[in-house]
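Single-letter residue listing:
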Amino acid sequence: MLISTPSQFQTLNGVLLIPEVGLAHLGSLTIAYAYIDYISSLGFKTIKFQHHLSEFESTPTENFRVHDFRISSSTRHQYWIDTAFTTKQWIKLTNYIHNKDMTFSITPNSRQSAVQIYENLPIDYWKVGSSDIDNYHLLDYLAETKLPVIISTGLGNLNTIHRATSLFDASSLSLLSCHSNYPTPLTEFSLARLYSLKEQFAPKIQIGLSDHSASIAPILLAISHGFRIF
């Protein structure tokens, strides 16, 4: 049986494909607009960014976990600052996305981040990274907003996943299987994990895949098994 996507989402032939911009814009509005234009030109119906408030998520001395010589920021804390947009800039980006007839999703990385977003931006749904699956300070607030939520489960076990899902209305919630190493070797892709989530939570909660393999193979295989959110 096919797993349909929540009715709140626009899809491509019933499949919800969520392109992840994250922080790849490096704090440049020009690059962010270029990503939006390119993704829109491909026919996608949605786009996702990340939002950080460094003072609530890091310390000035926190080093990168893995350093990339192409990034000029001296610390991870400074990286959040260097890649941040002002509220006015975010409003412009959000409006631009909506004018492209696309929905806008964002990943907040703290409760304070989520509050700032929700009070200022017309976002369409939340995306929660698996590192925050047990961040109930954040999840409780997201539940209060009544917006649709998609949660990655890579760093969760069944107990934490069940507790997280209990906070939300199942009709507006989706869960994504994922592996939290970047990139994920294809040998680590687990169709069994997708089916395990389906057996535990479907059909009340929609199940999909957050893929980090840099290959289309896991998505194509998951589609052939009836999964519809990626």
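Just so we're clear, the structure is a prediction, and the values are computed from it rather than from any experiment.

Caption draft 1: Summary view of unusual backbone geometry. Of note, the amide linkage connecting Ala-202 to Pro-203 takes the cis form, showing an omega dihedral of 5 degrees. Position of Pro-203 relative to the elements: it lies in the loop between helix H8 (191-201) and strand S7 (206-210). Despite not being glycine, Leu-26 has its phi angle at roughly 55 degrees, a positive value. Within the fold, Leu-26 resides in the loop between strand S1 (20-22) and helix H1 (29-41).

Caption draft 2: Quick peek at the pattern of salt bridges. Under the defined criterion, the tally for this structure stands at four salt bridges. Here Glu-20 ties to Lys-48 by a salt bridge, and the two come within 2.6 Å at their closest N and O atoms. Here the residue Glu-20 occupies a position in strand S1, and Lys-48 occupies one in strand S2 (residues 46-51), the gap between them amounting to 28 residues. Measuring nitrogen to oxygen at the nearest pair gives 2.7 Å for the salt bridge that ties Asp-68 to Arg-70.

Caption draft 3: Seen up close, the packing of helix H5 (residues 111-120) against helix H6 (residues 136-145). Orientation of H5 relative to H6, taken along the N-to-C sense of each, is 20 degrees, at an axis distance of 8 Å. Classed by the angle they form, the pair H5 and H6 counts as roughly parallel. Facing Arg-111, Gln-112, Ala-114, Val-115 and Tyr-118 of H5, the residues of H6 in contact are His-137, Leu-138, Asp-140, Tyr-141, Leu-142, Glu-144 and Thr-145. Tallied by class, residues from the contact of H5 with H6 come to six nonpolar, three polar and three charged.

Caption draft 4: View of the sheet that holds strand S3 (residues 103-108). Within the open sheet, the seven strands sit side by side as S1-S2-S3-S4-S5-S6-S7. Their pairing is parallel. A single partner strand is all that each edge strand has here, and the edge strands are S1 and S7. Strand-to-strand, the axes of this sheet are offset by a mean angle of 25 degrees, without reference to chain direction. Bridging between strand S4 (residues 125-128) and strand S5 (residues 149-152) involves three bridges; their strand directions are parallel.

Caption draft 5: Highlighting the confidence of the model for the protein chain. On average, residues of the protein chain score 91 in pLDDT, and 94% of them are at 70 or above. Below pLDDT 50 for its whole length, residues 1-7 participates in 20 contacts with residues either more than four positions away or in separate chains.

Rules of the game
Residues numbered from 1 in each chain as written. Predicted model: local features only at pLDDT ≥ 70, side-chain atom pairs only at ≥ 80, totals over all residues. Heavy atoms only, no water. Helix = DSSP H or I, 4+ residues; strand = E, 2+ residues; numbered from the N terminus. Salt bridge = Lys/Arg side-chain N within 4 Å of Asp/Glu carboxyl O. Axes fitted to C-alpha atoms, helices over the stretch in contact; angles between N-to-C directions. Parallel < 35°, antiparallel > 145°, perpendicular 65-115°, else oblique. Contact = heavy atoms within 4.5 Å. Nonpolar A, V, L, I, M, F, W, Y, C, P; charged D, E, K, R; others polar. Pairing = 2+ DSSP bridges. pLDDT = per-residue confidence, 0-100.

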